[in-house]
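Commentary on secondary and tertiary structure
Chain by chain, the residues run as shown.
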Amino acid sequence: MNFRTPDEQFTGQAPFESWGRYPNYDANVVPLHWQSDYPAVSSGMHNGVLPVGMGRSYGDVCLLSGGNLLVTTGMNRLIAFDPETGLLTAEAGITLAQILDFAVPRGFFLPVTPGTKYVTLGGAIANDIHGKNHHVAGTFGCHVTQFELVRSDGSRKLCSRTENPDFFAATIGGLGLTGVITWAQLRLKPIVSRLIDYEGIQFHGIDEFLDLTRQSQDIEYTVSWIDCASTGKNFARGVFMQGDHSKKRDTLKPSPEPKLVFPFDAPGFALNHLSVSLFNTAFFHKQIHQRVVAEQDYEPFFYPLDKVLHWNRMYGKRGLLQFQYVIPWEHAREGTITILKEVAKSGLASFLAVLKAFGDVPSPGMMSFPKPGITLALDFPIKPDKSFPLFERLADMTSEFGGRLYPAKDAAMTAAQFQAFYPQWQQFARYRDPQLTSSFWERVTGDKPGL
């Protein structure tokens with residue numbers, strides 16, 4: 001079964017952008033259509049090669065300045081599915097949206113999903129994505145049973161926990177640098193309804209968030225929106241959102257295609273401290289009661305922004321930066337309060353501020369981002385004189401509290417910061433394919449093909 005890819009960001013040789021639209025680099029864009037295309041299609045290419053999917057990473061992990069991007073979305077075929085075990089095998093360019101279109105009507109769902117379904121299977125593995133259920137399910141890589149990895153020398157490696165386990169560990173969270181994943185096998189989870197038994201709870205301050213987190217350990221999905229612009233008595237207020245798949249049998253059907261499109265690049269002044277503060281106040285009070293219980297379709301619960309294609313245009317032509325950290329439990333409360341105060345003091349405001357807890361389910365990935373603690377993700381419009389100094393301060397604070405940043409969301413981490421956050425990077429570098437590189441990897445390591 002072959003799918004078309006929604007929300008394509010490129011046609012032919014049009015520019016390939018990351019979701020943050022920063023940095024902006026020229027590259028030679030080469031589509032892959034068949035599992036056999038690589039490495040023959042890259043023979044003789046100079047300045048390095050990088051396999052990419054939908055470009056939903058925020059910074060430069062999916063970019064290669066002056067190099068060659070091998071776009072995998074043409075390799076989007078389903079290969080096999082076992083309805084008894086939920087094991088699905090598909091080519092790496094298939095998107096999570098396409099998997100859901102196939103799986104939901106058959107009574108299955110993704111074991112882990114991020115906040116967008118428009119990422120590829122290969123990209124989900126390469127960034128070892130996480131979701132609202134990390135505390136019970138771990139990362140995406142925990143549910144990948146095996147995949148094929150093709151290296152630039154033409155060798156093909158079947159990778160699993162027992163076969164080539166070193167390459168299995170290096171590739172999960174390996175930023176697409178160990179080879180091209182041609183296909184992968186994923187274990188889906190059974191469902192009987194599209195509905196989520198949802199509960200939204202207002203909280204005031206980090207202590208209330210932590211209390212709610214402790215109370216929700218047996219609930220599968222938890223996440224919080226937090227107001228990072230308000231100070232005083234409204235500091236760190238938010239809405240704690242939790243839910244489980246409904247056990248009431250219901251009609252299972254695929255989701256409709258999104259019809260809304262953000263039509264233009266918003267002017268740079270549109271997102272400012274005042275407008276974001278007004279939005280945050282309205283969002284907090286949109287929930288009239290302190291606690292709301294409802295049945296909600298999975299689409300708005302997991303993918304509220306996917307209903308508007310190209311929503312990143314609301315940040316303007318300069319694009320956006322996302323900052324996401326995890327700070328371990330021993331410093332999580334203090335670190336989160338300190339960083340939120342620094343953000344509020346900066347005058348730069350984020351209305352897409354997501355706070356949640358990571359659990360202790362270990363990832364099989366060598367370079368995986370999550371670890372037990374609190375993670376906070378913030379989106380900011382780019383204001384060069386303010387954004388980058390703020391990000392450097394926040395990254396240094398993250399380091400002081402024993403945390404680390406998420407490469408898939410990064411456009412500003414320094415080499416020193418990355419190497420402190422991921423001291424295993426030199427061990428990982430031994431598994432990097434000599435032809436593969438990215439602008440992110442070169443920025444944070446100085447390591448280039450042939451060097």
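The protein carries the name FAD-linked oxidase in an unreviewed UniProt entry, which gives Edaphobacter dinghuensis as its organism.

The next subject is the UniProt feature "domain: FAD-binding PCMH-type" (unreviewed entry) in the protein. The UniProt record annotates "domain: FAD-binding PCMH-type" (unreviewed entry) at residues 22-191. Between the first and last C-alpha atoms of residues 22-191 the distance is 38 Å; the span itself is 15% helix and 27% strand.

Taken as a whole, the second largest pocket spans an internal volume of roughly 210 Å³. Pro-256, Pro-258, Glu-299, Asp-306 and Lys-307 are the residues nearest the centre of the second largest pocket, which is lined by 14 residues in total. Each residue belonging to the lining of the second largest pocket can be placed in one class, and the counts come to 6 nonpolar, 1 polar and 7 charged.

All right, on to the nonpolar core then. In this structure, Phe-109, Leu-110, Phe-140, Phe-147 and Phe-418 are the most contacted members of the largest nonpolar core, which totals 111 residues. Not counting chain neighbours up to four residues away, the residues in contact with Phe-140 comprise Leu-96, Val-112, Leu-121, Ala-124, Ile-125, Asp-128, Ile-129 and Leu-186. Within the second largest apolar cluster, 9 residues are counted, among which are Val-30, Val-49, Met-75 and Leu-436.

So, on to the sheet that holds strand 2 (residues 49-52). Spatially, 3 strands are ordered 1-3-2 in an open sheet, and the strand pairing comes out parallel. Every other strand in the sheet has two partners, leaving strand 1 (28-31) and strand 2 as the edge strands with one partner each. For this sheet, the mean inter-axis angle between neighbouring strands, taken without regard to orientation, is 25 degrees. As paired elements, strand 2 and strand 3 (residues 68-71) share 4 bridges and run parallel to each other. Bridge pairing in strand 3 links Val-49 to Asn-68.

What follows concerns the side chain of Gln-242. Among the secondary structure elements, Gln-242 is positioned in strand 13 (residues 237-245). Contact partners of Gln-242, with chain neighbours within four places excluded, come to Asp-197, Tyr-198, Glu-199, Ile-201, Ser-216, Ile-219, Tyr-221, Thr-222 and Phe-301.

With that out of the way, let us pick up the sheet that holds strand 18 (residues 353-358). Taken in spatial order, the 8 strands make up an open sheet running 15-11-13-12-18-19-17-20, and their pairing is antiparallel. Strands at the two margins of the open sheet, each flanked by one partner only, are strand 15 (291-297) and strand 20 (404-405). When strand 17 (residues 320-328) meets strand 20, the two strands line up antiparallel, connected through 2 bridges. Within the sheet, the bridge partner assigned to Val-326 lies in strand 20 and is Arg-404. Here helix 8 (residues 329-346) sits on the sheet in contact with strand 12 (221-226), strand 17, strand 18 and strand 19 (373-381), set at roughly 150 degrees to strand 17. Across the sheet, helix 9 (residues 384-400) touches strand 17, strand 19 and strand 20, and the angle it forms with strand 17 is around 10 degrees.

What counts, and at which threshold
- Residues numbered from 1 in each chain as written.
- Predicted model: local features only at pLDDT ≥ 70, side-chain atom pairs only at ≥ 80, totals over all residues.
- Heavy atoms only, no water.
- UniProt positions renumbered as here; feature names shortened; annotations may be inferred.
- Helix = DSSP H or I, 4+ residues; strand = E, 2+ residues; numbered from the N terminus.
- 1 Å grid on protein atoms, 1.4 Å probe; cavity = no way out; pocket = protein on both sides within 12 Å on 5 of 7 lines; lining within 4 Å.
- Points joined across faces, edges and corners; volume = space filled by probe spheres on them.
- Nonpolar A, V, L, I, M, F, W, Y, C, P; charged D, E, K, R; others polar.
- Core = buried A, V, L, I, M, F, W, Y, C linked by side-chain atoms within 4.5 Å.
- Buried < 20%, exposed > 50% of the residue type's maximum accessible area, 1.4 Å probe, protein only.
- Contact = heavy atoms within 4.5 Å.
- Pairing = 2+ DSSP bridges.
- Axes fitted to C-alpha atoms, helices over the stretch in contact; angles between N-to-C directions.

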